[in-house]
Amino acid sequence: MNFVKSNNHLCVLGNHEKMMIEYVKEFEKTYPNLPSMVYYHRWIHNGGKQTLLSYEVIKVDKSDGKLVCLEDEEKFQKLLDDVLWLETLPLYLELKVLKNDKAIVVSHASIANIWHLKDEKEEVFEEYALWNRKEPKLDVPIFDIFGHTIQKEVDLTKHFINIDTGCCYTKEGYGKLSAYCVELN
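We now turn to the structure provided with this report.

Analysis parameters
Residues numbered from 1 in each chain as written. Predicted model: local features only at pLDDT ≥ 70, side-chain atom pairs only at ≥ 80, totals over all residues. Heavy atoms only, no water. Buried < 20%, exposed > 50% of the residue type's maximum accessible area, 1.4 Å probe, protein only. Helix = DSSP H or I, 4+ residues; strand = E, 2+ residues; numbered from the N terminus. Pairing = 2+ DSSP bridges. Right-handed = clockwise from strand over helix to strand, strands pointing away. Salt bridge = Lys/Arg side-chain N within 4 Å of Asp/Glu carboxyl O. Core = buried A, V, L, I, M, F, W, Y, C linked by side-chain atoms within 4.5 Å. Contact = heavy atoms within 4.5 Å. Expected span 1.5 Å × (residues − 1). 1 Å grid on protein atoms, 1.4 Å probe; cavity = no way out; pocket = protein on both sides within 12 Å on 5 of 7 lines; lining within 4 Å. Points joined across faces, edges and corners; volume = space filled by probe spheres on them. Nonpolar A, V, L, I, M, F, W, Y, C, P; charged D, E, K, R; others polar.

So, about the pairing of strand β4 (residues 102–107). The buried fraction of β4 is high, at 5 of 6 residues. Linking two consecutive strands that pair antiparallel, namely strand β3 (residues 92–99) and β4, is a turn of 2 residues; a positive phi of about 55° is found at N100 within it. Examined bridge by bridge, β4 and strand β5 (residues 142–146) share 4 bridges and lie parallel to one another. Across the sheet, V106 pairs through a bridge with I145, a residue of β5. Remark: the β4/helix α5 (residues 122–131)/β5 crossover connection has right-handed handedness.

Written as structure tokens, this is what we have:
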């Protein structure tokens, strides 16, 4: 995150970032205690624990394996500052270039099928932008570059590209980090 922020790279909000935002907002209310794990269990087990460990705001108790809050105001504030930055991320980036006569739009998950709702139904649009796993239909109005649904290989079609090749799933036979270079003519 520091690299992206310090170099002003553009990026979009994803489902894990959204879960982190929600968790840390609850953590802020309960600090120096950890919030209830009932609701936030999903994020903790999908990178959240590692994220909090990397900020050095928690540790794993060696005796019982439970997470314990480390009271360090400076490190906790760094976490809060990063969450404030995450909250500024857009759900999509609409580039000023075309691919196959369609505007190129970058999003976390596929949004092409509901592109027409981007200005009307924000909650529905956000849900799609963060969680959708359906491929765009052939007649969509944009060329969508997205991830969220892992593939063994990059899935490039005439109307979308899914670049998620599961870089964190090396044991499952994925394990590649993929990107797509948009030519700016």
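For the rest of this paragraph, the subject is the pattern of salt bridges. Close approach of charged atoms allows side chains of opposite charge to pair. Evaluated as defined, the whole model comprises 9 salt bridges. Two residues, K176 and E153, come together in a salt bridge whose shortest N-O distance is 2.9 Å. Remark: E153 occurs in the loop between β5 and β6 (155–156) and K176 occurs in the segment after β7 (160–162); sequence separation between them is 23 residues. Via salt bridges that share partners, K5, K78 and D82 belong to a single interconnected network.

Turning next to the nonpolar core. Counting residues in hydrophobic clusters, the biggest one holds 33 residues, and the most contacted among them are M20, F27, L52, V57 and L79. Only α2 (15–30), α3 (37–54), α4 (73–86) and α5 provide two or more residues apiece to this core. Ranked by the residues each element gives to this core, the list is headed by α2, at 6 residues. Setting aside residues up to four positions removed in sequence, L79 forms contacts with M20, V24, F27, L52, Y55 and V57. Ranked by size, the runner-up nonpolar core spans 5 residues in total, among them V97, I104, I145 and I161.

Here the focus is the pairing of β5. Of all the 5 residues making up β5, 5 are buried; the element is thus mostly covered by neighbouring parts of the structure. Burial of the side chains of β5 extends over both faces: I142, D144 and F146 are buried on one face and F143 and I145 on the other. Looking at chain direction, β5 and β7 are connected through 3 bridges and run parallel. Bridging from a neighbouring strand, D144 pairs with F160 of β7.

This paragraph deals with the sheet that holds β3. On the basis of which strands lie adjacent, the open sheet formed by 5 strands has the order β3-β4-β5-β7-β6 and mixed pairing. Of all strands in the sheet, those bounded by a partner on one side alone are β3 and β6.

This next bit is on α2. Over its 16 residues, α2 extends 23 Å from the first C-alpha to the last, a length consistent with the 22 Å expected when each residue adds 1.5 Å. Those residues of α2 that sit buried are N15, M19, M20, I21, Y23, V24 and F27.

Time to look at the layout of surface pockets. By volume, the largest pocket is sized at about 1,700 Å³. Within the residue set of the lining of the largest pocket, elements represented by two or more residues are α1 (2–6), α2, α3, α4, β3, β4 and β5. Partitioning the lining of the largest pocket into residue classes produces 28 nonpolar, 14 polar and 5 charged.

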